[in-house]
Amino acid sequence: MANRSRQLGDKINHLKQPNVLSISDTAAIEAVVKDIIANVRARGDDAVGEYARTYDRSDLVTFEVSLEDRLEAVANLDPQTRKDTEFAIERVKTFAEAQLRTILPLEFDALPGLHLGHRVIPIEVVGAYVPGGRYPILSAPVMTIVPAKVAGCDHVIACLPPNAHPAMIAGCHLSGADRIFKVGGAQAIAAMAFGTETIPAVDKIVGPGNAYVNEAKRQVFGQVGIDQLAGPSEIYIVADETGDAEMIATDLLAQAEHDVRTRVGLITTDLKLAKSALEAVERQLATLPTADVAGVAWRDYGEITVCADEAAMIEYSDHIAAEHLEVHTRDAHATAGKLRNYGSLFIGKLASVVYSDKCCGTNHTLPTMAAGRYTGGLWVGSYVKVCTHQWLDERGVAAVAPPSVRQSRTEGMEGHRRAAALRLSRQ
């Protein structure tokens, strides 16, 4: 961030800067997770049970949630909560179905006799990690499980901490999880990556978690696929002089209550708005019930940056590459079209992050820590593979064999040269 600030020079001014760097030393976490993974890989369920007792104070002997317990969790849901959960499921499902329709198989003749194409193949077994965390985020299982079912994955395994709210089990069931296990933390990631006596090994693991879960996903990557490495949540808002300070402060604090390490920020071209938003944040914190979390996040990671013009605002926002990026400008759609680095974009003052977090249909599992510079968030495409194929007739061989022979000879790869030449000689 400092380098980009220097590049922008006098085009930006920080009215408020973070007090704490978002990058921290993870060596201790890496060592703990490495041991957990090795132990679960070697000892399976026994190790999982030990870690459950140590970290979750759970004496569960059976990790899997039975169908009876799943149905009981659904039956015990408050009726309105169930309706709201089903509303979110339908919205996410509808959007995922629309996205899937854009991922098309391909068949075409690249040259006479040379046919190329690809298939869209669902991943067979997916593991969805459903976090426990500070709050029971009822939309969390919806975001990770529903797109997998829409994609056509054969089996979706859900893992959640033993002490997770019962409504989370209901959410996993309603979202379509084939099996649900009360196993959390790094041990859940290890179990899904390598399999245990009761927990099946999966092909890909998706879903956010704490620093230990994140590190476990990093360490098992390669053995299995992962969606992304997610850090603490983030929200930034780009705004011009038409921004509403009270609304901006409300949205910043709404995200800040996730975690004391949440990154929140305003990037604006208007100094007056910047000052008003700063005052509004402090005023609203005085009455916010979750200020013990949101206030710490604002103090340590809050940022307000004033830019000389729109171009500097766009450039600085693209450098931040925020997980959630709201656009509060006079022509929000025009501004949005100029932005390129973000997890998910919220265009116009009416598009609050909370709607996506809960139920509007877009996925809330998004890239953090500037990963929005190179990837988007979790979506139905995360659950399929696009795999190529080809076939040739004699005309195709006649076209591609000679350059293949020549290139193989140049490279000194005689086996390749022979394989290319053999089919040509059989014509």
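Residues numbered from 1 in each chain as written. Predicted model: local features only at pLDDT ≥ 70, side-chain atom pairs only at ≥ 80, totals over all residues. Heavy atoms only, no water.

Per an unreviewed UniProt entry, the protein chain goes by Histidinol dehydrogenase/sulfopropanediol 3-dehydrogenase and derives from Phyllobacterium bourgognense. If you open the UniProt record of the protein chain and go to Sequence similarities (unreviewed entry), you find "Belongs to the histidinol dehydrogenase family." (UniProt positions renumbered as here; feature names shortened; annotations may be inferred.)

Okay, the packing of helix H11 (residues 271-285) against helix H12 (residues 291-301) next. Contact geometry of H11 with H12 gives a least axis separation of 10 Å together with a crossing angle of 155 degrees. It follows that H11 is roughly antiparallel to H12 by the angle criterion. Relative to H12, H11 is oriented so that their crossing is left-handed. Contact with H11, carried on its side by Leu278, Val281, Glu282 and Leu285, involves Ala291, Ala294, Gly295 and Trp298 of H12 and no other residues of that element. Split into classes, the residues belonging to the contact of H11 with H12 amount to 6 nonpolar, 1 polar and 1 charged. (Axes fitted to C-alpha atoms, helices over the stretch in contact; angles between N-to-C directions. Helix = DSSP H or I, 4+ residues; strand = E, 2+ residues; numbered from the N terminus. Parallel < 35°, antiparallel > 145°, perpendicular 65-115°, else oblique. Left-handed = near helix turned anticlockwise from the far one by under 90°. Contact = heavy atoms within 4.5 Å. Nonpolar A, V, L, I, M, F, W, Y, C, P; charged D, E, K, R; others polar.)

Every α-helix winds through 3.6 residues per turn, so residues three or four apart in the chain are directed the same way. Its 15 residues give H11 an end-to-end C-alpha distance of 21 Å, which sits within 8% of 21 Å, the value for a rise of 1.5 Å per residue. For H11, the full list of buried residues reads Leu273, Ala274, Ala277, Ala280, Val281, Gln284 and Leu285. The arc enclosing the buried residues of H11, seen along the axis, measures out at 125 degrees, which places them on a common side. The exposed residues of H11 that point more than 90 degrees off its buried face are Lys272 and Glu279. (Expected span 1.5 Å × (residues − 1). Buried < 20%, exposed > 50% of the residue type's maximum accessible area, 1.4 Å probe, protein only. Arc of directions from axis to C-beta.)

The strand order across the open sheet built from 5 strands is S6-S5-S4-S7-S8, with neighbouring strands paired in parallel fashion. Since the sheet does not close on itself, it has two edges, and those belong to strand S6 (179-182) and strand S8 (225-226), each with one partner. Relative to S6, strand S5 (residues 155-160) runs parallel, the two being bridged by 4 bridges. The residue bridging Ile157 from the neighbouring strand is Arg179, located in S6. (Pairing = 2+ DSSP bridges.)

As a further point, take unusual backbone geometry. Residue Arg57 is not a glycine yet carries a positive backbone phi of 55 degrees. Within the element layout of this structure, Arg57 appears in the loop between helix H3 (45-56) and helix H4 (67-75). A relative accessible area of 76% means that Arg57 is categorised as exposed. Within the chain, Met369 stands out as a residue other than glycine whose phi angle is a positive 55 degrees. The residue Met369 is located in the loop between helix H15 (353-358) and strand S14 (384-392) in this model.

Spatial strand order, S2-S3-S14: 3 strands in an open sheet with antiparallel pairing. One side of each edge strand has no neighbouring strand; the edge strands of this open sheet are strand S2 (106-111) and S14. Going across the sheet, the axis of each strand differs from the next one's by a mean of 20 degrees, ignoring polarity. Here strand S3 (residues 114-122) pairs with S14 via 9 bridges, running antiparallel. Paired with His118 across the strands is Thr388, a residue of S14. This element, helix H16 (residues 394-411), spans S2, S3 and S14 of the sheet and lies at about 100 degrees to S14.

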